[in-house]
Amino acid sequence: MQTTILYIGRDPEITIVMNRLLNARPEWKGICVCTDEEALSILKAQDVDLVLLGNGINPECEKALREDINKFKPGTKIIQHYGGGSGLLYGEIMTALG
Amino acid sequence: MSQFILHKENTRGHANHGWLNAHHSFSFANYYNPERMHFGVLRVLNDDLIDGGMGFGTHPHDNMEIITIPLAGAIAHKDSMGNSATITAGEIQVMSAGTGVSHSEYNALADEQLNLLQIWLFPNKKNVTPRYDQQTLDVEAMHNNFQQILSPSADDAGVWIQQDAWFSLGKFDTGFETEYKIKKAGNGVYAFVINGEVTINGQTLSKRDGLGIWDNDGISFKANTADAEVLLMDIPMEF
């Protein structure tokens, strides 16, 4: 069974890399977007196990995103992704999913 | 009451990719150990051996303070901020990745192995403007002295980063003893032995051992061998 992970970050280049990294593992299904509108549209349409907040999301947008995610999909885990690549990704996801 | 955690050299994560032989003091890439996720804001301490001419192609980073210290050999670095540089042993490089930066890093020499320490700290502020710097270290000042090589301030000795952290590096003669005072209340110290054998707060440490100490004002240090070389990382424990 795949774990669905939604990545939201503002940098298109990093978003492409994150999409490749997340979908390289058969146990993960990664969906990577740059805008909050795209993220909310996905959250409304399907179940997501984990949301990764990437780079460039200002505090106001992060607060609104967290509120909206909790509103549409209460209990969805949300964590900050640091590093923008493969170095910390596996550890972050394993820690978040327990 | 002072607390500590000891990371012996042979308990580090290990990944041998042929051209890259890496040891990870903390969880990194495919090495995942829930007991080794970070020490305060210190998230990554990689000890990499890279074959001649080999390295990491262009890849991105964000929201991380990345410090690279070559121990032997030279790194060829290029990044999306327009920097193109060679960093050799005796120098230090820092990148504040902030909103995002791409870079490549290769062994600049075709016929010599490169050994580097790469250290990642969580920043104290997210989404800062990316920044690059490198400096030559004052090797003479490191003799029997913990010489500061990194701080939070551009006006202080060494490179600066987006975190309340201070790094010091020293090379010591046998029997040399000193004390180190923590720079900021609430910080801890992670000592990494680059070479030789030392005793810190009563713990005997060998090459590539790490010792994290917190809830303490400082550390007592003694060099047990003539080639003792130690990196001290004075870093916030809360973030």
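Anyway, here's the lowdown on the structure attached to this text. (Residues numbered from 1 in each chain as written. Chains lettered and ligands numbered in written order. Predicted model: local features only at pLDDT ≥ 70, side-chain atom pairs only at ≥ 80, totals over all residues. Heavy atoms only, no water.)

Focus on the side chain of B:D47
All names here are of chain B. In plain terms, the rule: Helix and strand labels come from DSSP, where a helix needs a run of H or I of at least four residues and a strand needs a run of E of at least two; each type is numbered from the N terminus. Pairing of N or O atoms within 3.5 Å defines a polar contact, subject to two protein rules: one partner must be a possible hydrogen donor and the other a possible acceptor, and residues neighboring in sequence count only if both atoms are side-chain atoms.
As for its placement among the helices and strands, D47 is situated in strand β4 (residues 42-50). Of the polar contacts made by the side chain of D47, one reaches the side chain of R12; its length is 3.1 Å. Within polar-contact distance, the side chain of D47 engages the side chain of R208 at 2.8 Å.

A closer look at the sheet that holds strand β21 (residues 218-223) of chain B
Residues and elements named next belong to chain B. What counts, and what does not: Note on pairing: two strands pair once DSSP finds at least 2 bridges between them. Here an angle of 0 to 180 degrees is reported between the N-to-C directions of two axes, which are lines fitted to C-alpha atoms, with helices fitted over the stretch in contact.
Across the sheet, which stays open at both edges, the four strands sit in the order β16-β21-β18-β19 with antiparallel pairing between neighbours. Because the sheet does not close on itself, it has two edges, and the strands there are β16 (177-181) and β19 (203-205). Taken over all neighbouring pairs, the strand axes of this sheet differ in orientation by 25° on average, direction set aside. Note that strand β18 (residues 198-200) and β19 share three bridges and pair antiparallel. Within β19, the position partnered with T199 by the bridge is T204.

Remarks on the environment of A:I79
All names here are of chain A. What counts here: Should any heavy atoms of two residues lie within 4.5 Å, those residues are counted as being in contact.
Take I79: it is sitting in strand β4 (residues 77-80). C-alpha separation for the pair I79 and G54, spaced 25 residues apart in sequence, amounts to 9.0 Å. Apart from residues no more than four positions distant in its own chain, I79 is found in contact with L50, V51, L52, L53, E92 and A96.

As for unusual backbone geometry
All names here are of chain B. Unlike most non-glycine residues, A29 shows phi in positive territory, near 50°. Tracing the sequence through the fold places A29 in the loop between β3 (20-24) and β4. Phi is positive for D215, close to 55°, though the residue is something other than glycine. When you line up the elements, D215 lands in the loop between β20 (210-214) and β21.

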